Structure formats: C-alpha cells, structure tokens
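# Notes for the structure review
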Amino acid sequence: MEKKRFILDNGINREVKEDKIKELTELLRNLNEKGLTDDLKKKGLKLVRSISPLELSMAEQSLVEEGMDPSELRHLCEIHMLILKGELEKLQGKISEGHVLHTLIKEHELILGFLDKLDLTTKNIINMEAYDKNREEFKEIVKLANSLLSAEPHHKREEDALFPELEIRGITGPTRIMRLEHEDLRKKKRSLRDLGESVENIDFNEYKEKLSKLSNDICFELRDHIYKENYILYPTALESIDDKNNWSNIKEKCDKIGYCDFTPEECK
Ligand SMILES: [Fe+2]
Ligand SMILES: [Fe+2]
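My aim in this report is to walk through the structure given alongside it, one point at a time. (Residues numbered from 1 in each chain as written. Chains lettered and ligands numbered in written order. Predicted model: local features only at pLDDT ≥ 70, side-chain atom pairs only at ≥ 80, totals over all residues. Heavy atoms only, no water.)

### Here's the deal with the overall build of the protein
Helix and strand content of the protein: eleven helices and zero strands. The N-to-C order of helical and strand elements in the protein reads α-α-α-α-α-α-α-α-α-α-α. Looking at the protein residue by residue over its 268 residues, the buried ones come to 49%. In the protein, 79% of the contacts between residues at least 6 apart in sequence involve partners at least 24 apart. A total accessible area of about 14,100 Å² is found for the protein, and carbon and sulfur atoms account for 48% of it. (Helix = DSSP H or I, 4+ residues; strand = E, 2+ residues; numbered from the N terminus. Buried < 20%, exposed > 50% of the residue type's maximum accessible area, 1.4 Å probe, protein only. Contact = heavy atoms within 4.5 Å. Areas by Shrake-Rupley, 256 points an atom, 1.4 Å probe, with all protein chains shown as cover.)

Pasting the structure below:
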C-alpha cells in the first residue's frame, strides 16, 4: 500500500493509470492466448509508448496485486524493453568505466543473467516427476541463490553511498522504496537458499510449489527493481548530483564498502 501512496503523491494521475491498466490487462490476455504476434506487438508498442516508465511499473504492480501471475507479464516486459533499450544506452553514453553508476549498471546486467538462469532452472525442475539427486539443477538453485546473495555489496553501495546523496537533495521517496525492496528481497533470497538446501528433506511436490513461488517472486521483483533503478533512479541521480567532487566522494565510499565477487575488475 505504501508504494502506491508514495508514487501517487508524486504526481501520477490516478485516472490515467486506471484507464491504462484496463487496456494493459486486455492486451496481456490477448498476448497470453495468441503469443507475441506482429499485430499485438504493434498495439503493445503504441500502448506502452503512451505511458511513462513509472506508470507502467505501477500498472504491472497492480496487475500482480490483483492476482495476475508475474510470469504472465513477460510479453509486456519484452515490448517495454524494446523501447527502453535506447534510453539506458543514452545514460551509459554520459558516464565512463569506473563511474559509480557505470559499475552499478554493469552489476545489474550480471544479476539479470542470474535471474534468467534461475527462471530456466526452476522450469526444468517443475517439469520433473521426482527428485533425482544426480540432476545438476538442484545444486544450481543453491548456487544461484548464493550468487544473488553475494550482490549484497551492490545494494550496500546504493544504500550507504548513493542514496544519502539523493536524500540530502530532497529525493527521499524513491530511495525509501528501494531500501524496502532490498530488505524484502534479502529475505526471499535467503529463503530460496534454505529451500534449495532442504530439497532432500521435504516432499518433492511441496518443494516444487515453494520453489516456483519464490523463484517467480524474486525474478519479477528484482527485475522490476533493477528496471526502476536503471531507468528512473540512476538518471535522476546523474541529473541531480552535478558536481564531479560529489561523485568522487561517492566513489570513495563505494570503494570502502567493497564490490561483489562477480563485479568485473575494470569496474572496481
Ligand atoms: Fe537497489
Ligand atoms: Fe541496484
């Protein structure tokens, strides 16, 4: 509830949103029935172009809250990503290797790679009839949960180095939401690891059910989180923190906090 109130307080028109949600729901129903046909792709592009990234993100959230399975949003995300690809490239064009935001964006790419693997591995397991300890997928789930947990220095750098600089400039709503999402995701990532490690001790159907829920939630929420940072929060940061010295100070703090196991050397 808190998320919605904040975003609405910050100027999103509720009527427009509700109207668009109706259209989006209709489009998604068609997409799920017919797949991504040329006609629906065209309609989808037009609809998605008519709303802001923040509104789309909210619409997606509302659909999930209304009971839509997050995986059903995939087509919409694909369409949206087609449009936004150019936007992220523009932001990246303004910063160079070693810049705090450059490193965070690079880490996002790698985290998204973990999520794709998590999606795929979960699907393979869901299709299994019985637990087979020789199948690599079961170890892979634990490995992926640990990889996601090892992104902690990334989130710490955001929370303790980047966000405070935004907060002293009065941008406090978005950072509060990002902090809440970090906290929620930390719990879910830990639960995924614990579930992965307990596969031999619980009923296989129960394992599959819990895995499917956790994995879908993490993939959806973390992709959405990264999306909001890449397309909304980081561009805002680059615009509002306009002194080079400020960025050097943030970078110093980031170096002190440290980097993830998977952060490329040249980005540190
Ligand atoms: Fe974050
Ligand atoms: Fe992030």
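Having seen the structure, we can now continue with the description.
### Remarks on the coordination of the iron ion (ligand 2)
Only H108 (NE2), H154 (NE2), E158 (OE) and E229 (OE) from the protein coordinate the iron ion (ligand 2), and they sit 2.1 to 2.2 Å from it. For the iron ion (ligand 2), the four donor atoms are set out with angles of 82 to 169° between them, so the coordination reads as irregular. Positions of the donor residues of the iron ion (ligand 2), expressed as sequence spacing, correspond to H-x45-H-x3-E-x70-E. (Donors = N, O, S within 2.8 Å, 3.2 Å for Na, K, Ca; no water. Tetrahedral: all angles 85-135°; square planar, octahedral: opposite > 155°, others 65-115°.)

### Points about the nonpolar core
Counting 26 residues, the largest nonpolar core has L118, I125, L148, L192 and Y207 as its most contacted members. Among the secondary structure elements, those contributing two or more residues to this core are α6 (100–126), α7 (136–149), α9 (173–197) and α10 (204–240). With eight residues, α10 is the single largest residue contributor to this core. Dropping the residues within four chain positions of it, I125 is found in contact with E137, F138, I141, F204, Y207, K208 and L211. Ranked by size, the runner-up nonpolar core spans 25 residues in total, among them L104, L162, M178 and Y259. (Core = buried A, V, L, I, M, F, W, Y, C linked by side-chain atoms within 4.5 Å.)

### Side note on the coordination of the iron ion (ligand 1)
With distances of 2.0 to 2.2 Å, the protein atoms coordinating the iron ion (ligand 1) are E158 (OE), H182 (NE2), H225 (NE2) and E229 (OE). Each of the four donor atoms around the iron ion (ligand 1) contributes to a set of angles spanning 83 to 177°, which defines the coordination as irregular. Here the donor residues for the iron ion (ligand 1) map to a single chain with the spacing E-x23-H-x42-H-x3-E.

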